[in-house]
Amino acid sequence: MGGDMITETLKDLTALGFAPNSIKESLAARQLCVVADGSVNNFNGSGKTVATAGTYDSVRTAHYNRSGKTIVGLVLVYANYAQAGSTEVANPNSINVQAAYEPLSPTSIGTQDQPRSQAMWGGLTTALIDRRAVIKSDIIPVIIPPNTNFFIRTGSTSTNNGGTVSRGICARGGTSGFGIDNGEGADGSANKIGDGGGTITVNTSTAIYSPSAILGILADGSICASVALLGDSITAGTDDAGYGYNYGGWPIRAFANYPHVYLPIAGETMAQFADRVKSHNRFQIASFCSTIHCAYGRNDIQQSRTLAQFKADVLTVASWFMGQGKRFIQATILPAPTSTDGFFTVASQTKDTLEATRVSFNAWIRDATATGFVAQANAQMVTLGITRAGDAKISDPCAGIECDIAGVLTQDGGYILGSQSALLTNGTATSGSTTTLNDTGKSWTVNAYKGYTCFIVSGTGAGQIRTIGYNTATQLVFLNTGTALDNTSVYQVFNGLGMNGVHPCSTGHALAATSITASDLVI
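Residues numbered from 1 in each chain as written. Predicted model: local features only at pLDDT ≥ 70, side-chain atom pairs only at ≥ 80, totals over all residues. Heavy atoms only, no water.

Moving on: the sheet that holds strand β28 (residues 425-428). The 7 strands are arranged β28-β34-β31-β32-β33-β30-β29 in an open sheet whose pairing can be described as antiparallel. Looking at the sheet topology across the chains shown, the edges are occupied by β28 and β29 (431-432). Relative to strand β32 (residues 465-471), strand β31 (residues 453-458) runs antiparallel, the two sharing 3 bridges. The residue of β32 that forms the bridge with T453 is T467. (Pairing = 2+ DSSP bridges. Helix = DSSP H or I, 4+ residues; strand = E, 2+ residues; numbered from the N terminus.)

This is the structure we're talking about:
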């Protein structure tokens, strides 16, 4: 942090009521809370092998002050865990991390011309994070007004040759491809953290290591509401193109206006998370939030977890967080029908064979009597003698997309709404691949079909349902892979809700989120 930056920050803090000779002590005495959103790390990508220890990757991630208050101090939280299959595990080695706060440039979101405030850990510029550890930085004095963008620069490396740094969500900078033009980017094999570190390339689809949570101190000494998002691939936003590559899902759409941490693992069950060995780091990270939102379930019932076992798992996890004074929200499970026309119509759908278990679980979640989830979760706290416990609530995303065979929104209908549009374009591909479809005879508007459904009607790949991540004038690029398409592949594009009988497409995620009134749930 340069001398001029320190002087100006101290002046600003003094104007907010801090005495210059006691700023550090005053900040330290105030309570921390999660204050920002952004591409926090859920480690759902492959780790990077560091050939030579000490060789840093540099990442620039975008964040936004959603606390509603001025932030006067930042604390960065980093973790060192990994994902093996659908389970949280210890990363095999320790890592070193450096970080810095970077204000938004008045020129543009991609311009990197502002002084950076380097994070310290016990007065040191480099943090050593042991396997399975979660660490917090020293307080970084800042002035971040409400509803303001800022950036965190993170440099990471292994402590041993051939070691691994876990990586997850992808950078989403730039305007091409999956980019959403938020200024993010990554540079491999370069340390660009401090003021002399240079510019980090703005790019997209590069897996990154970034903060697990952004904590802050608010100028008025208050604590803001925040939410931890737990769940499986649906929460992770599989097949949701609305928030950039590898980031999205109906929960984040529903709670978008609140500071959050984002901790799903694709394929995970509630039973796995209820095993504290398999949720060790994420439990610690989630506990920084005031509210916990849990959306497991689809994998539990698919893996033959009995209803009684599943309920017990939910109540166990609820007790962990409610015992800390957190609000715990459990979501209903979305229907998972299959379709023969890419979910263009409801009539083409067939109910899931596990529908009875889903309906029974959802009935327990919605039950407002003493035998329902909310009453049982709250009763646990009384039994345990916890007098200052949190409480239980529910969210019901099914209300936004679940319908009967006639296409009418219906509780326990078992189907999902059909396309929200007529056919938008169709034809026969001129070529393709496992992730693209080309039609050189078209002149589409760029990204006109982002998040929409491409259904292969006949020819090579017949029956496949693809979610469009973005499109150019003549090419559709998909989020999901499949059989390589060719010049026999006949296709249709429309605004469908479903993808594969498990994951909604972008519109399905968006409509599921509309049924959630976040302000009634988050505390």
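Having seen it, we continue.
Another aspect to go through is the sheet that holds strand β20 (residues 260-262). Within the open sheet, the 5 strands sit side by side as β20-β19-β21-β22-β25. Their pairing is parallel. Sheet topology places β20 and β25 (392-395) at the edges, where each strand pairs with a single neighbour. Strand-to-strand, the axes of this sheet are offset by a mean angle of 20°, without reference to chain direction. Bridge count between strand β21 (residues 291-295) and strand β22 (residues 327-331): 4 bridges; the pairing is parallel. (Axes fitted to C-alpha atoms, helices over the stretch in contact; angles between N-to-C directions.)

Right, let's talk about the pattern of salt bridges for a bit. Close approach of charged atoms allows side chains of opposite charge to pair. Overall, the coordinates contain 18 salt bridges when judged by the stated rule. For D391, the salt bridge is made with R327, and the minimal N-O distance between the two is 2.8 Å. Note that D391 is positioned in the loop between α9 (373-383) and β25 and R327 in strand β22, a separation of 64 residues in sequence. Under the relative-accessibility criterion, D391 is labelled partly exposed at 24%. (Salt bridge = Lys/Arg side-chain N within 4 Å of Asp/Glu carboxyl O. Buried < 20%, exposed > 50% of the residue type's maximum accessible area, 1.4 Å probe, protein only.)

This next bit is on helix α7 (residues 307-322). Taking 1.5 Å per residue as the helical rise, α7 with its 16 residues ought to reach 22 Å, and the 22 Å between its terminal C-alpha atoms agrees with that figure. Of all the residues in α7, the buried ones are F310, D313, V314, L315, V317, A318, S319, W320, F321 and M322. (Expected span 1.5 Å × (residues − 1).)

We now examine α9. Helical geometry note: an α-helix holds 3.6 residues per turn, so side chains three or four residues apart project in the same direction. Among all positions in α9, only F373, A377 and M381 are buried. With its buried residues spanning 80° around the axis, α9 presents them on a single face. α9 presents V382 and T383 as exposed residues on the side facing more than 90 degrees away from its buried surface. On the buried face of α9, the contacting elements are α7, β22, α8 (355-366) and β25. (Arc of directions from axis to C-beta. Contact = heavy atoms within 4.5 Å.)

Right, let's get into the environment of Q112. Here Q112 lies in the loop between β8 (95-103) and β9 (117-118). Overall, Q112 belongs to the buried group, its relative accessible area being 12%. Along the sequence, Q112 and Y262 sit 150 residues apart, while their C-alpha atoms lie 26 Å from each other. Ignoring any residue separated from it by four or fewer positions in sequence, one finds Q112 in contact with R60, E102, R153, G198, T199, I200 and V202. Engagement of the side chain of Q112 in a polar contact is seen with the side chain of R153, the distance being 2.4 Å. (Polar contact = N/O pair within 3.5 Å; in protein donor to acceptor, adjacent residues only side chain to side chain.)

Now for empty space enclosed by the protein. With the rule as written, the count across this model stands at 2 cavities of 30 Å³ or more. Its volume calculated, the largest cavity comes out at about 120 Å³. Lining the largest cavity are 15 residues, with I234, A295, T332, I333 and L334 positioned closest to its centre. Residues of the lining of the largest cavity, tallied by class, amount to 10 nonpolar, 3 polar and 2 charged. Taken as a whole, the second largest cavity holds about 80 Å³ of empty space. P335, I416, V502, H503 and P504 are, among the 15 residues lining the second largest cavity, the residues nearest its centre. Its residues assigned to classes, the lining of the second largest cavity comprises 11 nonpolar, 4 polar and no charged. (1 Å grid on protein atoms, 1.4 Å probe; cavity = no way out; pocket = protein on both sides within 12 Å on 5 of 7 lines; lining within 4 Å. Points joined across faces, edges and corners; volume = space filled by probe spheres on them. Nonpolar A, V, L, I, M, F, W, Y, C, P; charged D, E, K, R; others polar.)

Quick look at the packing of α7 against α8 now. At their nearest, the axes of α7 and α8 sit 11 Å apart, and the two run at 40° to each other. Put simply, α7 runs oblique to α8. Seen along the crossing, α7 lies across α8 with a hand that is right-handed. Facing α7, whose interface residues are L307, F310, K311, V314 and L315, α8 presents T357, S360, F361 and W364. A class-by-class count of the residues in the contact of α7 with α8 yields 6 nonpolar, 2 polar and 1 charged. (Parallel < 35°, antiparallel > 145°, perpendicular 65-115°, else oblique. Left-handed = near helix turned anticlockwise from the far one by under 90°.)

For the structure shown, the criterion picks out 15 aromatic pairs. On the basis of an interplanar angle of 20° and a centroid distance of 5.8 Å, the ring pair of Y78 and Y209 is categorised as stacked. Here the residue Y78 occupies a position in strand β5 (residues 71-79), and Y209 occupies one in the loop between β17 (204-207) and β18 (213-218), the gap between them amounting to 131 residues. Just as Y78 is buried, Y209 falls in that class too. Aromatic pair F273 and Y296: ring centres 5.9 Å apart, planes at 35°, arrangement tilted. Here F273 is found in helix α4 (residues 270-273), whereas its partner Y296 is found in the loop between β21 and α6 (298-302), with 23 residues between them in sequence. Y296 shares its class with F273; the two are buried. In textbook terms, an aromatic cluster arises when at least three aromatic residues are bridged by ring pairs, as seen for F273, F283, Y296, F310, W320, F321, F328, F361, W364 and F373. In this structure, R60 is placed above the aromatic ring of F151, and the distance from its NZ or CZ to the ring centre is 3.6 Å. One cation-aromatic arrangement involves R276 over F283; the distance from NZ or CZ to the ring centre is 3.9 Å. (Phe/Tyr/Trp six-rings, centres within 6.5 Å; stacked < 30°, edge-to-face > 60°. Lys NZ or Arg CZ within 6 Å of the ring centre and 35° of its normal.)

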